[in-house]
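Fold and geometry: a report
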Amino acid sequence: MKPKTLVNGKTDSFSELAGMYFPGCSTPKNAVRSLQRSIKRCTNLATALVETGYQPYNHRWLSPKQYGLIIENLGDPFPE
């Protein structure tokens, strides 16, 4: 699955992506925690992200590759 085009080709914020996956969370912080848990549960994803330089506790911005890995492993947050 090909990731959606990032705005202006820039990296995407982790909290924005978390909000896309968990729109029902009351705060962005809760959405971030939920996405962190989802990544942790998917060990293949967690391993692949670490190989790209992702650090679980320092993840304010995602590279296009990291963004793509998350979409590929967790699915599109906006299925058609």
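Residues numbered from 1 in each chain as written. Predicted model: local features only at pLDDT ≥ 70, side-chain atom pairs only at ≥ 80, totals over all residues. Heavy atoms only, no water.

Points about the packing of aromatic side chains
Within this structure, the stated rule accounts for one aromatic pair. Relative to Y54, the ring of F14 has its centre 6.3 Å away and its plane inclined at 35 degrees; by these criteria the two rings are tilted. Taken together, the positions of F14 in helix α1 (residues 14-21) and Y54 in the loop between α3 (43-51) and β2 (61-62) put the pair 40 residues apart, joining distant regions of the chain. Take Y54: its relative accessible area is 8%, and that puts it in the buried class. (Phe/Tyr/Trp six-rings, centres within 6.5 Å; stacked < 30°, edge-to-face > 60°. Helix = DSSP H or I, 4+ residues; strand = E, 2+ residues; numbered from the N terminus. Buried < 20%, exposed > 50% of the residue type's maximum accessible area, 1.4 Å probe, protein only.)

Some thoughts on helix α2 (residues 28-41)
Under the 1.5 Å per step criterion, the end-to-end length of α2 is 20 Å for 14 residues, consistent within 8% with the ideal 20 Å. For α2, the full list of buried residues reads A31, V32, S34, L35, S38 and I39. For α2, the angular spread of buried residues about the axis comes to 165 degrees, placing them on one side. Away from its buried face by more than 90 degrees, α2 exposes K29, K40 and R41. Those residues of α2 that are buried lie in contact with α1, α3 and α4 (64-74). (Expected span 1.5 Å × (residues − 1). Arc of directions from axis to C-beta. Contact = heavy atoms within 4.5 Å.)

Remarks on the nonpolar core
Generally speaking, nonpolar side chains in soluble globular proteins are found buried as a group. One finds F14, L17, L35, I39, L45, L49 and I70 to be the most contacted residues of the largest nonpolar core, which totals 17 residues. For this core, the secondary-structure elements that each account for two or more residues are α1, α2, α3 and α4. When residues no more than four places from it in sequence are discounted, the contact partners of I70 are L17, Y21, I39, L45, L49, L62 and G75. (Core = buried A, V, L, I, M, F, W, Y, C linked by side-chain atoms within 4.5 Å.)

Side note on the confidence of the model for the protein chain
When pLDDT is averaged along the protein chain, the result is 86, and 85% of the positions lie at 70 or above. Per-element confidence in the protein chain ranges from a low mean pLDDT of 84 for strand β1 (residues 12-13) to a high of 96 for α3. Throughout residues 1-8 the model reports pLDDT below 50, and contacts reaching past four residues in sequence, or to other chains, amount to twelve contacts. (pLDDT = per-residue confidence, 0-100.)

A few points about the packing of α1 against α2
Contact pair α1 / α2: the axes reach a minimum separation of 8 Å and the direction vectors enclose 85 degrees. The pairing of α1 with α2 is recorded here as roughly perpendicular in orientation. From α1, F14, S15, L17, A18, G19 and Y21 reach across to α2, where they touch A31, V32, L35, Q36 and I39. Classifying every residue of the contact of α1 with α2 gives eight nonpolar, three polar and no charged. (Axes fitted to C-alpha atoms, helices over the stretch in contact; angles between N-to-C directions. Parallel < 35°, antiparallel > 145°, perpendicular 65-115°, else oblique. Nonpolar A, V, L, I, M, F, W, Y, C, P; charged D, E, K, R; others polar.)

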